Amino acid sequence: MNLKDSLQMAAGELRSAGVPEPELDAWYLLEYVSGWNRASYYADPERELTARQQEKYKNCIRKRAERVPLQHITGEQEFMGLTFHVNEHVLIPRQDTEILVEEALEQFREGRVPAGDPGRGGSEILDLCTGSGCILLSVLYYARQMKDVSVRGTGSDLSEKALETAEENAKRLDIRAEFVQGDLFENLKGRYAMILSNPPYIRSAEIGGLQPEVRDHDPRMALDGSEDGLIFYRKIIRAGGLHLENNGILMFEIGCDQAADVSGMLREHGFSDIMVKKDLAGLDRVVYGRYSK
């Protein structure tokens, strides 16, 4: 079967299965299986797949039709222009989370992050619920390209398998970072110039209504934020001042209806200069504040 016919049949199968953007996913999987880019495809759409490629493509399309996430099939997801390995043990990085990384980098760019001790690596940052490590590693990757910025980072997660994935991503990107297994601040020592987190924030009762790709394949522990979706914000904010340097920053990704609640918690626990940032859709996405002793 040639490329054109394979692509059309695959898109039709995905469309019948209710997969969002079936043509796009059919193309991504064809590219994944064949290694040919769009230019190669349009130059010779009648080129035939090998028998091995055909079988692999059929298997990939079957999995996607069963609503297995595209990223679990290919094992990769792009985030902040970097390629991260992903699997069933970590939350697949979303574009919305890039707002958190970009805002953290802006704080470094504007010199608003405590500098720390250059002899010890400068500013130390912590990523709670690090998962694939995409937030921490992206910040480290781009912050280290900035003039007069010295930074090192730690990622913490309760899941051992998630940390193994994060460590693999650090190696693939050639970024040095420390990873610690524990429940939030458990097993962590010292203070940090910046603490970042994209904690579980979906209300428990809402998880059943999520798309199958999320509901059935993202780790439940990376989604479930308890009855009101706020339990991890409460825990982190309550303990945050004990783990931040003077004028340190605590920064969260939030659900689009959680800005007022999270901002209120920050004020209640002594944080100031509280800011809310919106995503590209105009929805509240990031909240952060500064802690002064």
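To be clear, the structure that these remarks concern was listed above.
Quick caveat, the model's predicted, so the values are computed rather than measured.

### Let's talk about the side chain of Gln258
Relative to the helices and strands, Gln258 is located in the loop between strand E7 (244-253) and helix H11 (259-268). In this structure the side chain of Gln258 is engaged in a polar contact, spanning 3.5 Å, whose partner is the backbone oxygen of Gly229. Gln258 has contacts with Tyr201, Asp228, Gly229, Leu230 and Tyr233, leaving out every residue within four places of it along the chain.

### Some words on H11
Within H11, the full set of buried residues consists of Ala259, Val262, Ser263, Met265 and Leu266. Projected down its long axis, H11 shows its buried positions confined to an angular sector of 160°, all on one face. Relative to its buried face, H11 has exposed residues pointing more than 90 degrees away, namely Ala260, Arg267 and Glu268. In the stretch just after H11, Gly270 is the one whose phi turns positive, near 90°.

### Examining the nonpolar core
Membership of the largest hydrophobic core comes to 35 residues, with the highest contact counts inside it found for Phe108, Ile125, Val139, Met194, Leu196 and Met251. Mapped onto this core, the elements with two or more residues apiece are strand E2 (82-85), helix H6 (98-109), helix H7 (134-143), helix H8 (160-173), strand E6 (192-197), E7 and strand E9 (284-291). If you tally residues by element for this core, the top one is H7, at 7 residues. Excluding residues that lie within four positions of it along the chain, Met251 makes contacts with Leu100, Glu103, Ala104, Gln107, Ile195, Leu196, Ser197, Val286, Val287 and Tyr288. Judged by nonpolar contacts, the second largest core, of 30 residues, contains Leu128, Ile207, Tyr233 and Ile236.

### Section: unusual backbone geometry
At Asp174, a residue that is not glycine, the phi angle is positive and equals roughly 55°. At Asn247, a position not held by glycine, the phi torsion is positive, near 70°. Within the secondary structure, Asn247 is located in strand E7.

### Some words on the sheet that holds E9
Strand order in the open sheet formed by 7 strands is E5-E4-E3-E6-E7-E9-E8, and the pairing between neighbours is mixed. Two strands close off the open sheet at either side, each with one partner strand: strand E5 (178-181) and strand E8 (271-278). With direction set aside, neighbouring strand axes in the sheet form an average angle of 20°. Most of the contacts of H8 go to E5, to which it runs at about 175°, and overall it touches strand E4 (151-157) and E5.

Basis of the calculations
Residues numbered from 1 in each chain as written. Predicted model: local features only at pLDDT ≥ 70, side-chain atom pairs only at ≥ 80, totals over all residues. Heavy atoms only, no water. Helix = DSSP H or I, 4+ residues; strand = E, 2+ residues; numbered from the N terminus. Polar contact = N/O pair within 3.5 Å; in protein donor to acceptor, adjacent residues only side chain to side chain. Contact = heavy atoms within 4.5 Å. Buried < 20%, exposed > 50% of the residue type's maximum accessible area, 1.4 Å probe, protein only. Arc of directions from axis to C-beta. Core = buried A, V, L, I, M, F, W, Y, C linked by side-chain atoms within 4.5 Å. Pairing = 2+ DSSP bridges. Axes fitted to C-alpha atoms, helices over the stretch in contact; angles between N-to-C directions.

Worth remembering: the numbers are spatial, not functional.
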